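Commentary on secondary and tertiary structure
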Amino acid sequence: MQRIAIVDPTESTRESLRTLLLGIDFVWLEAECARYEYFFEVIQQSMPDVAIVALDANKDRALQMIGQLSVEYPKLPVLTISHDHQALLQSLQKGAKYFLTHPVGLEDMLAALRRIQGENGGPVEVQSGATTSARNTGASSMIAVLGSRGGVGTTTLAVNLAATLAADPTHAAALIDLDLALGDADIALEVNGFENISIADLARNIERLDMNFLRRAMAKHEPTGLAILRHPLEIAEGGIVHEQHVERILNLLKISYTHLVLDLSKCLLPTDLMALRMADIILLVAQLELASLRNVVRLIHSLGGEENLADKVRVVINRLGADSVEEGISLKKAEEVIGKPIFWQVPNDTKPVIGARVAGHPLIKFAPKSRVQQSIHGLAQALYGKPVTAGADGKGSKGGWGFFGKR
Ligand SMILES: Nc1ncnc2c1ncn2[C@@H]1O[C@H](COP(=O)(O)OP(=O)(O)OP(=O)(O)O)[C@@H](O)[C@H]1O
Ligand SMILES: [Mg+2]
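Owing to the predicted nature of the structure, the values given are computational and were not obtained by experimental measurement.

Notes on the site of ligand 1
- The environment of ligand 1 is formed by 19 residues, the closest being Gly150, Gly153, Thr154, Thr155 and Thr156.
- Sorting the residues of the shell around ligand 1 by element identifies helix H7 (154-166), strand E12 (313-320) and helix H15 (350-359) as the ones contributing at least two each.
- At 4 residues, the largest contribution of residues to the shell around ligand 1 is made by H15.
- Looking at the shell around ligand 1 residue by residue, the class counts come to 5 nonpolar, 10 polar and 4 charged.

Points about the sheet that holds strand E3 (residues 50-54)
- If you trace the 5 strands from one edge of the open sheet to the other, you get E2-E1-E3-E4-E5, paired in parallel fashion. Edge strands, defined here as strands with exactly one partner in the open sheet, are strand E2 (27-33) and strand E5 (98-101). Between one strand and the next, the sheet's axes are offset by a mean angle of 20 degrees, whatever the strand orientation.
- Pairing between E3 and strand E4 (residues 78-82): 4 bridges, direction parallel. Note that in E4 the partner of Ile52 across the bridge is Leu79.
- Packing against the sheet, helix H4 (residues 85-94) makes contact with E4 and E5, and its axis sits at approximately 165 degrees to E4.

Quick look at the pairing of strand E6 (residues 141-147)
- In terms of residue burial, E6 counts as a mostly covered element, since 5 of its 7 residues are buried.
- Note that E6 and strand E10 (residues 259-264) share 5 bridges and pair parallel. Each residue of the ladder has a partner; that of Ala144, found in E10, is Leu262.
- Where E6 meets strand E11 (residues 281-286), 5 bridges bridge the pair, whose relative direction is parallel. Looking at E11, one finds that Ala144 is bridged to Ile282.

Describing the packing of helix H13 (residues 290-303) against helix H14 (residues 331-338)
- The contact between H13 and H14 brings their axes to 9 Å, and the two run at 30 degrees. Considering the angle they form, H13 stands roughly parallel to H14. H13 and H14 meet at a crossing whose hand is right-handed. Between H13, through Leu293, Val296 and Val297, and H14, the contact on the second element is made entirely by Ala334, Val337 and Ile338.

What to know about the environment of Val7
- In this fold, Val7 is placed in strand E1 (residues 2-7).
- Using a count of 27 C-beta atoms within 10 Å as the deciding quantity, one classes Val7 as buried.
- The sequence separation of Val7 and Tyr38 amounts to 31 residues, and the corresponding C-alpha distance is 9.0 Å.
- Not counting chain neighbours up to four residues away, the residues in contact with Val7 comprise Cys33, Tyr36, Phe39, Val53 and Ala54.

Considering the pairing of strand E9 (residues 226-229)
- Of the two faces of E9, the one carrying Leu226 and Ile228 and the one carrying Ala227 and Leu229 are both buried.
- Where strand E7 (residues 173-178) meets E9, 3 bridges bridge the pair, whose relative direction is parallel. Residue Leu175 lies in a different strand from E9, and its bridge partner there is Ile228.
- Sheet topology note: the strand E8 (residues 219-221)/E9 ladder contains 3 bridges and is antiparallel. Bridged to Ala219 within E9 is Ile228.
- Here E8 hands over to E9 after 4 residues, with Gly225 in that stretch at a positive phi of 80 degrees.

Regarding helix H3 (residues 59-72)
- If you check H3, its first and last C-alpha atoms are 20 Å apart, about what 14 residues at 1.5 Å a residue would give, namely 20 Å.
- Turning to H3, its buried residues are Ala62, Leu63, Met65, Ile66 and Leu69. Along the axis of H3, the buried positions cluster into a sector of 160 degrees, meaning they face one direction only. For H3, exposure combined with an orientation more than 90 degrees from the buried face picks out Asp60, Val71 and Glu72.

Focus: the sheet that holds strand E13 (residues 342-347)
- Across the sheet, 8 strands lie side by side as E8-E9-E7-E10-E6-E11-E12-E13; this open sheet has mixed pairing. Unpaired on one side and paired on the other, E8 and E13 mark the two borders of the sheet. Each adjacent strand pair in this sheet contributes to an overall mean axis angle of 25 degrees, direction not counted.
- Two elements, E7 and E10, share 6 bridges in a ladder whose sense is parallel. Each residue of the ladder has a partner; that of Leu175, found in E10, is Val261.

Section: the nonpolar core
- One finds Val145, Ala162, Ala174, Leu175, Leu262 and Leu284 to be the most contacted residues of the largest nonpolar core, which totals 115 residues.
- In terms of residues, this core owes the most to one element, H7, which gives 8 residues.
- Two domains each provide a minimum of three residues to this core, namely domain 1 (2-119) and domain 2 (140-384).
- Not counting residues up to four positions away in its chain, the partners in contact with Leu284 are Leu146, Ser148, Val296, Leu299, Val313, Arg314, Val315 and Val316.

Description of unusual backbone geometry
- Cis rather than trans, the peptide bond between His102 and Pro103 has omega equal to -5 degrees.
- Along the chain, the position of Pro103 falls in the loop between E5 and helix H5 (106-119).
- A positive phi angle, near 75 degrees, is found at Asn308, a position not held by glycine.
- When you line up the elements, Asn308 lands in the loop between H13 and E12.
- Given 10 C-beta atoms within 10 Å, Asn308 falls into the exposed group.
- Phi is positive for Arg319, close to 60 degrees, though the residue is something other than glycine.
- In this structure, Arg319 sits in strand E12.
- Taking the number of C-beta atoms within 10 Å as the measure of exposure, Arg319 has 25 and is therefore buried.

Each value, and the rule that gives it
- For every chain, the first residue of the written sequence is number 1, and numbering continues from 1 onward in sequence order.
- For this description, chains carry letters from A and ligands carry numbers from 1, given in the order in which they are written.
- For a predicted model such as this one, the threshold for reporting local features is a pLDDT of at least 70, and the threshold for listing and counting side-chain atom pairs is 80 or more; totals across whole chains, interfaces and linings nevertheless cover every residue.
- Near, as applied to residues and a molecule or strand, means the residue's backbone-placed C-beta atom lies within 6 Å of it.
- Each helix is a run of H or I in the DSSP string that is no shorter than four residues. Each strand is a run of E no shorter than two, and both are numbered from the N terminus.
- When residue character is reported, Ala, Val, Leu, Ile, Met, Phe, Trp, Tyr, Cys and Pro are called nonpolar, Asp, Glu, Lys and Arg charged, and the others, Gly included, polar.
- Strand pairing is assigned whenever DSSP identifies at least 2 bridges connecting the two strands.
- Orientation is described by lines fitted to C-alpha atoms, with helices fitted over the stretch in contact, and by angles between N-to-C directions that extend from 0 to 180 degrees.
- By the criterion used throughout, residues are in contact when their C-beta atoms, derived from the backbone, lie within 7 Å.
- Buried residues are those with 20 or more other C-beta atoms within 10 Å of their own C-beta, exposed residues have 12 or fewer, and partly exposed residues lie in between; C-beta atoms are placed from the backbone.
- Between 65 and 115 degrees an angle is taken as roughly perpendicular, under 35 as roughly parallel, over 145 as roughly antiparallel, and anywhere else as oblique.
- Crossing handedness: left-handed means the near helix sits turned counterclockwise from the far one by under a right angle, and right-handed means the same turn made clockwise.
- One less than the number of residues in a helix, times 1.5 Å, gives the span that helix is expected to have.
- Relevant arc is that of directions from the helix axis to the C-beta atoms, nothing else.
- A set of buried Ala, Val, Leu, Ile, Met, Phe, Trp, Tyr and Cys residues, joined through C-beta atoms within 7 Å, is what we mean by a nonpolar core.
- What counts as a domain boundary in this text is fixed by an automatic or database domain assignment.

Written out as structure tokens, the structure is:
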């Protein structure tokens, strides 16, 4: 993660710069300053990896400040921005090492920041705690959970997989409810005492979205440590959330969390597609019945229209053994129809699943020894190809295999 401090006294250009930076997943906007004369102090306190100085508000003051910075912090890479080439040249003479001509596009900014990172030995370690690894390695992993039809257990699996991942003390996990109109992940995960900020509020304020606001939106389920970003309160608000919002929000969340689990709608909306594109793995939830299996085939075919999407799909059969849903179709037959191995099977286990939902606590807390939780624990292990350390009362099941090479 590259920690950046910016200074630009002109509010409009500062906002655009900040918006641009917030959309870059390896950037952490450490400090933002509106006065050249305060920037030196800001640098002193925040010690960023890169300082970005917009020159146009007052070139003389900006250049003078850059001179001071280069004396005190000769190793700090300074990137200047201006539409005045003369001023950019002067900034280099004063000690800046990089410049971009205003207006700055995302590609130019990305190229400049990567170059800075490459030439300055990469980012420095700044944070401690569970979120460090995601922040500093960018190794955050994203799992999208998609249902093959309504009611197959998408939310149940998303919530409980996320809670199982959260139980590992080396993880920081979050669940994002992208079932924007009819989402109900917050029922299964009762959180109290948090502000009611939903994904619609983030979308509404996307231009001003920063890490503080994002953090306030992430309600925490204290018993498991799982964070949740809720669906919009009002159904009509779902329309406010666009795919670009989802992209920016997920990119920002990747900075703070090691594991993101996304509960998708079944409508394949642009927001769902964005989530599917960004995900590392797509868990496609099905049951052993015709309508669901036929949709698995249709979905895999449809996702195949876009590069990489179908390859990321892992089919999970839920409610295995439920007489009420199964139609005499065997797992073998299902695999033949789908044309892909079934990645995992979760047993039908009504009592703990309903009990956990009513209690508002994930299975790992409500019924850690239940067959369904053991299976979800196994799923987490299989996904990551390694044991997932269970929480105090969640014992793992044996086995599992790494899926990165297996399909
Ligand atoms: N493994 C399971 N064993 C028993 N019951 C289950 C299991 N998984 C899910 N259920 C039950 O199935 C019902 C639907 O589950 P869930 O809400 O998770 O499905 P969904 O696919 O998210 O539905 P929707 O289409 O409304 O989003 C719930 O009543 C839940 O308790
Ligand atoms: Mg659901």
